[in-house]
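Residue strings, one per chain:
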Amino acid sequence: LVKLKDDDKGQHLGLYINEELVSVVSAFINDGELQFRKFATQEKYQGRGYGSLLLEKVFQLAGERKCKAVWCNARVTATGFYKKYGMIETGSSWRKNGFEYIVMKRKLMRMQIIPAIDIIDGKCVRLTEGDYSQKKIYNEHPLEVAKQFEGAGLSRLHLVDLDGAKAGAVKNWKVLETIAGKTSLQIDFGGGIKTEKDVKVVFDSGSTYATVGSMAVKNEQEFMNWLKQFGADKFLLGADVKEEKIAIGGWLETTDIWVYDFIQKYVDQGVQQIFCTDVSKDGKLEGPAVDLYKNIVSKFPGLHFIASGGVSEMKDIEALRNIGCSGVIIGKAIYENRISLIDLQKFNHEHA
């Protein structure tokens, strides 16, 4: 019933149940930003999540069209709903037709490409499904690999001390020190961080972030202490998952902890970055766990969420970007020449 003069320039989405239109939204793209209007659900169908489904489509459309932001003129009484999607109040409110409105907006960050280097005995290796017996050495000198990533315009590195993960103490800090000292890469380093001393060694050796997984499960209180002492923004929390349950100890042990409860607990403690690896996908080049990651992104829209595991080609990276992932860790696909550094450089340039 509502007609606007530029409706023909928009994309109009509707959700039907048994041929009955129950929820609608219109999307308009101008100057690289997507505005949605006329977002409504029939009163008898409200509260069932139908509007949320449409809004997820709006964000997906914004990702596909490479938009820089999504915004709307929202009723002030509805701001709580939009905040669930990471949208924030912008500017001052105003009154119109008896209602108070304010602009709600969410900037869409470009997805960060994060190459991985896994270390055993000081060498660059990859495992399959976290199995140390399924090891393949790709380069004797990790610094050479890191410099190739830097040369391709990548700015971050995921460095994993597999010796440390197995031993329960940081082992390959010298490799970290060398790469941090001879490149400008932002490094997140993990594997074997079990004590406060380990955390200090990691930061003193030049890491930007300390990656913690098993400790956050096995020794919650100690990890909480680190968050307070060093700052929650200095940690990258790793959530290794098997059938939506947390796996620990280099994936050698599965728990009964639901991944969403795990993430919520530490988001509440101020953790801003989390990466999730579906153990069943890792190192197999069979594609990432898109459905799992989509669920996490929709439940935690304000989180800097990084996907990991299973990426085998560039279309996987596009799919992860389109569902709202803030970053993606890529390992084996690069080393097996499924994805070239030129491809990644081009992706970075297009989405800058």
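Above this text you will find the structure in question.
Residues numbered from 1 in each chain as written. Predicted model: local features only at pLDDT ≥ 70, side-chain atom pairs only at ≥ 80, totals over all residues. Heavy atoms only, no water.

Engineer: Can you break down the overall build of the protein chain residue by residue, with the values?
Structural biologist: Summing up its helical and strand segments, the protein chain has 13 helices and 18 strands in all. Its C-alpha atoms give the protein chain a radius of gyration of 22 Å, within 12% of the compact-globule value 20 Å for 352 residues. C-alpha atoms of the protein chain, sized along the principal axes, occupy 70 × 45 × 40 Å. In the protein chain, which comprises 352 residues, the proportion classed as buried is 49%. In the protein chain, 62% of the contacts between residues at least 6 apart in sequence involve partners at least 24 apart. For the protein chain, the separation between the mean place of its 48 positive charges and that of its 46 negative charges on side chains is 5 Å. (Helix = DSSP H or I, 4+ residues; strand = E, 2+ residues; numbered from the N terminus. Rg over C-alpha atoms; globule rule 2.2 N^0.38 Å. Buried < 20%, exposed > 50% of the residue type's maximum accessible area, 1.4 Å probe, protein only. Contact = heavy atoms within 4.5 Å. Lys, Arg positive; Asp, Glu negative; His and termini not counted. Charge placed at Lys NZ, Arg CZ, Asp CG, Glu CD.)

Engineer: Which residues make up the pairing of strand 14 (residues 245–248), and what values go with them?
Structural biologist: Sheet topology places strand 13 (residues 235–242) next to strand 14; two bridges connect them, and they run antiparallel. Within the sheet, the bridge partner assigned to Val-241 lies in strand 14 and is Ile-246. Relative to strand 15 (residues 253–258), strand 14 runs antiparallel, the two sharing three bridges. Paired with Lys-245 across the two strands is Trp-258, which belongs to strand 15. (Pairing = 2+ DSSP bridges.)

Engineer: Residues and numbers for the pattern of salt bridges, please.
Structural biologist: Per the stated rule, a full pass over the model turns up twelve salt bridges. Its salt-bridge partner being Glu-33, residue Lys-105 comes within 3.1 Å of it at the nearest N-O pair. With Lys-105 in strand 6 (residues 99–107) and Glu-33 in strand 3 (residues 33–41), this pair connects stretches of sequence that are 72 residues apart. Since its relative accessible area comes to 22%, Lys-105 is described here as partly exposed. Glu-33 gets classed as partly exposed once you look at its relative accessible area, which sits at 23%. (Salt bridge = Lys/Arg side-chain N within 4 Å of Asp/Glu carboxyl O.)

Engineer: For helix 6 (residues 196–204), give the residues involved together with the corresponding values.
Structural biologist: Every buried residue belonging to helix 6 is among Asp-198, Val-199, Val-202 and Phe-203, and all of these are buried. Buried residues of helix 6, viewed axially, fall in a sector of 130°; they line one side. Exposed positions of helix 6 whose direction lies more than 90 degrees from the buried face are Lys-197 and Asp-204. Buried residues belonging to helix 6 abut helix 5 (173–182), strand 11 (186–190), strand 12 (209–212), helix 8 (220–230) and strand 13. Count one or two residues on from helix 6 and you reach Gly-206, which has phi positive near 110°. (Arc of directions from axis to C-beta.)

Engineer: Explain the sheet that holds strand 1 (residues 11–17) residue by residue, including any values.
Structural biologist: Taken in spatial order, the six strands line up as 1-2-3-4-6-5 in an open sheet, and their pairing is mixed. The sheet terminates laterally at strand 1 and strand 5 (88–96), the two strands that pair on one side only. Strand-to-strand, the axes of this sheet are offset by a mean angle of 20°, without reference to chain direction. Across seven bridges, strand 2 (residues 20–30) lies against strand 3 in antiparallel orientation. What sits directly across from Ala-27, in strand 3, is Phe-36. (Axes fitted to C-alpha atoms, helices over the stretch in contact; angles between N-to-C directions.)

Engineer: Which residues make up the state of the cysteines, and what values go with them?
Structural biologist: Summed over all chains, the structure comprises zero disulfides. No disulfide involves Cys-325; its sulfur sits 9.6 Å from that of Cys-276, the nearest cysteine. Assessed through its relative accessible area of 3%, Cys-325 is described here as buried. (Disulfide = S-S within 2.5 Å.)

Engineer: Break down the environment of Val-2 for me, citing the residues and quoting the values.
Structural biologist: Relative to the helices and strands, Val-2 resides in the segment before strand 1. The class of Val-2 is exposed, set by a relative accessible area of 55%. For the pair Val-2 and Lys-38, spaced 36 residues apart in sequence, the C-alpha separation works out to 7.8 Å. In this structure Val-2 touches Asp-7 and Lys-38, once residues within four positions along its chain are discounted.

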